[in-house]
Amino acid sequence: MGRARKSYENPYGRRWQFDTVRCKIPVPMRHRLATVFVLAAAATAWATASDWSRLHVHVPDDAAMQRLLDSDLNIMQCHPGCGGTDVIAGPGDEFKLRMLGFDFTYVGPMAAPDAWAKSQINRTAANASIQSDEYRNRYFTADEILTFFENLRTTYPVFVTRRQIGTSINSEPIWAYRFGRPLRTGGQPENNIVFINLIHAREWVSGSVGMHIGLRAAQTLSAPQQTPFLPNQALWIVPITNPDGYRFSWTNDRYWRKNRRRNSGGSFGVDLNRNFGTGWGGGGSSGNQSSLIYRGTAAFSEPESVAIRDFAISLGRVGAYIDFHSFSQLILWPWSYTSNRAADWQAFDAQGRRMQTAIRQPWGVTYTQGQGFQTIYQASGVTPDWFYDRFRASAYTIELRDDGTFGFELPADQIRPTQDEAWAGALQLIAETPR
Ligand code: 0X9
Ligand code: ZN
């Protein structure tokens, strides 16, 4: 996976050889397996919160990256060119990395995945006010986010409406909120702009950004001289695309990414951002159910992806689309599943640069922009590829802050600047979307 697509003769150097493709355990290590396994099991038994760490794993080439992605290790990011990625490692994971033949270095300690839940157990939705800045200064639970959006709807009933677009695996409603002038009967069909948030559970600042864009959209609509929206334009925000996963990231595992599908093999979760139909099943996705990028049994096998697909189709026209993720500060456009250039790649490149300039305005931070495949890595079955494929929408993934220093656990004092950047990018895109 990555930009360098040259062949690599032997990623393991001369030290280790594989005798079959089927068995990925280096031969000289196998005789030590039993001993190491006993030691690792003992270590796991004695696991405490301090057993969690961030490791930097050396990834020499595409094949090695795919092998890492096919494992059940918890990968933070993958950047081609720098030759490695960070991994959230719990008890036993260093052992797994060694078994897979990876070299790694220790970056620093990480909190145990359930530590956050224990400290937040008493949170309620009571304070999700749209009058206060609280949503800019701390992360909101699922109930708080939904209360915030309901407060928007009741405060701005003319401009904010909602629709249930589906139901998650664990039977939670998935909502889409519409921000726009009331629909005129018999008028020209709307050109819709769709933003989705929290498709990946652990990327919490994506939820903060959804709330901010929703509030700003409602405020500007009620002060028409300020609004970026043209008549016949509507913005749809899905505040929590993956509600089961997001709740789970609060209650059980801060590093949870996927939905909460119980897979046939007993593991949990499908990566919803590998489950869309365009390029489904290709490189940068995995058939291993335990993998972080498990694609599911078929394209649109998951109710959460079906909800987004069918909702978008029901709109008829979608001119622009953003899927908000974190982290890495990137503006990515199609294609991600193939290195081929999209027919509109020059328009994407020009618009991506304008969004980059807009995003830089509030805080001076430059988000890198480019085609997904080349700019970070190949990923098949991602949402913007499908929105572009289906609607020819100006479709983007925006990876929010930070640069990887804190990653998913972005400190709360960076929520506000991240929201400002996202709103600036959104305004640029809205202004360029035809009616
Ligand atoms: O891998 C993903 O799904 C996204 N990154 S994240 O770290 N938030 O998981 C990026 C998908 C966008 N496209 C490409 N990777 N090409
Ligand atoms: Zn993501």
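This write-up is about the structure you can find in this document. (Residues numbered from 1 in each chain as written. Chains lettered and ligands numbered in written order. Predicted model: local features only at pLDDT ≥ 70, side-chain atom pairs only at ≥ 80, totals over all residues. Heavy atoms only, no water.)

Topic: the pairing of strand 5 (residues 160-167)
Item 1. Relative to strand 6 (residues 173-180), strand 5 runs antiparallel, the two being bridged by 7 bridges. Directly across from Gln164, in strand 6, lies its bridge partner Trp175.
Item 2. Linking two consecutive strands that pair antiparallel, namely strand 5 and strand 6, is a turn of 5 residues; a positive phi of about 70 degrees is found at Ser171 within it. (Pairing = 2+ DSSP bridges. Helix = DSSP H or I, 4+ residues; strand = E, 2+ residues; numbered from the N terminus.)

Structural notes on the pattern of salt bridges
Where charged atoms from two side chains of opposite charge come close, those side chains can pair.
Item 1. The full count for this structure, using the stated rule, is 20 salt bridges.
Item 2. Across the pair Arg153 and Glu150 runs a salt bridge, and its minimum N-O distance is 2.7 Å. A residue pair is termed a helical-turn pair when its members lie 3 or 4 positions apart in one helix, as Arg153 and Glu150 do in helix 6 (residues 142-155) at 3 residues.
Item 3. Note on Arg153: relative accessible area 27%, which makes it partly exposed.
Item 4. Asp271 is the salt-bridge partner of Arg257, the closest N and O atoms lying 2.7 Å from each other. Here the residue Arg257 occupies a position in the loop between helix 8 (243-251) and helix 9 (303-315), and Asp271 occupies one in the loop between helix 8 and helix 9, the gap between them amounting to 14 residues. Asp271 carries the same exposure label as Arg257, and that label is buried. (Salt bridge = Lys/Arg side-chain N within 4 Å of Asp/Glu carboxyl O. Buried < 20%, exposed > 50% of the residue type's maximum accessible area, 1.4 Å probe, protein only.)

Brief notes about the site of ligand 1
Item 1. What surrounds ligand 1 is a group of 17 residues, the closest being Arg257, Arg274, Ser336, Tyr377 and Glu399.
Item 2. In the environment of ligand 1, a nitrogen atom lies 2.6 Å from a nitrogen or oxygen atom belonging to the side chain of Glu399.
Item 3. Every element with two or more residues in the shell around ligand 1 is listed here: strand 9 (318-326), helix 11 (372-375) and strand 12 (394-400).
Item 4. Looking at the shell around ligand 1 residue by residue, the classes come out as 5 nonpolar, 8 polar and 4 charged. (Near = heavy atom within 4 Å. Polar contact = N/O pair within 3.5 Å; in protein donor to acceptor, adjacent residues only side chain to side chain. Nonpolar A, V, L, I, M, F, W, Y, C, P; charged D, E, K, R; others polar.)

Quick word on the packing of helix 7 (residues 205-221) against helix 13 (residues 415-432)
Item 1. Running from N to C, helix 7 and helix 13 point in directions that differ by 55 degrees, and their axes come no closer than 9 Å. Taken together, the axes of helix 7 and helix 13 lie oblique to each other. Helix 7 and helix 13 meet at a crossing whose hand is right-handed. The segment helix 7 lies against helix 13, with Val205, Ser208, Val209, His212, Ile213, Arg216, Ala217 and Thr220 engaging Ile415, Thr418, Gln419, Asp420, Ala422, Trp423 and Ala426. (Axes fitted to C-alpha atoms, helices over the stretch in contact; angles between N-to-C directions. Parallel < 35°, antiparallel > 145°, perpendicular 65-115°, else oblique. Left-handed = near helix turned anticlockwise from the far one by under 90°. Contact = heavy atoms within 4.5 Å.)

Regarding the nonpolar core
Item 1. Counting 82 residues, the largest nonpolar core has Phe148, Phe179, Phe195, Ile213 and Phe387 as the members making the most contacts within it.
Item 2. A total of 8 residues in this core trace back to one element, the largest contributor, which is helix 7.
Item 3. What Phe387 contacts, discounting residues up to four positions off in sequence, is Val194, Ile308, Ala312, Val318, Tyr321, Arg392, Ala393 and Ala395.
Item 4. One finds Ala64, Leu69, Ile75 and Phe102 within the second-largest nonpolar core, a separate group that totals 16 residues. (Core = buried A, V, L, I, M, F, W, Y, C linked by side-chain atoms within 4.5 Å.)

Thoughts on the sheet that holds strand 1 (residues 53-58)
Item 1. The strand order across the open sheet built from 4 strands is 2-3-1-4, with neighbouring strands paired in antiparallel fashion. Each of the sheet's edge strands pairs with one partner strand only, and the pair in question is strand 2 (74-75) and strand 4 (104-109).
Item 2. Strand direction decides the pairing type here: strand 1 and strand 3 (residues 84-89), joined by 6 bridges, are antiparallel. Residue pairing across strands places Leu55 opposite Val87, the latter belonging to strand 3.

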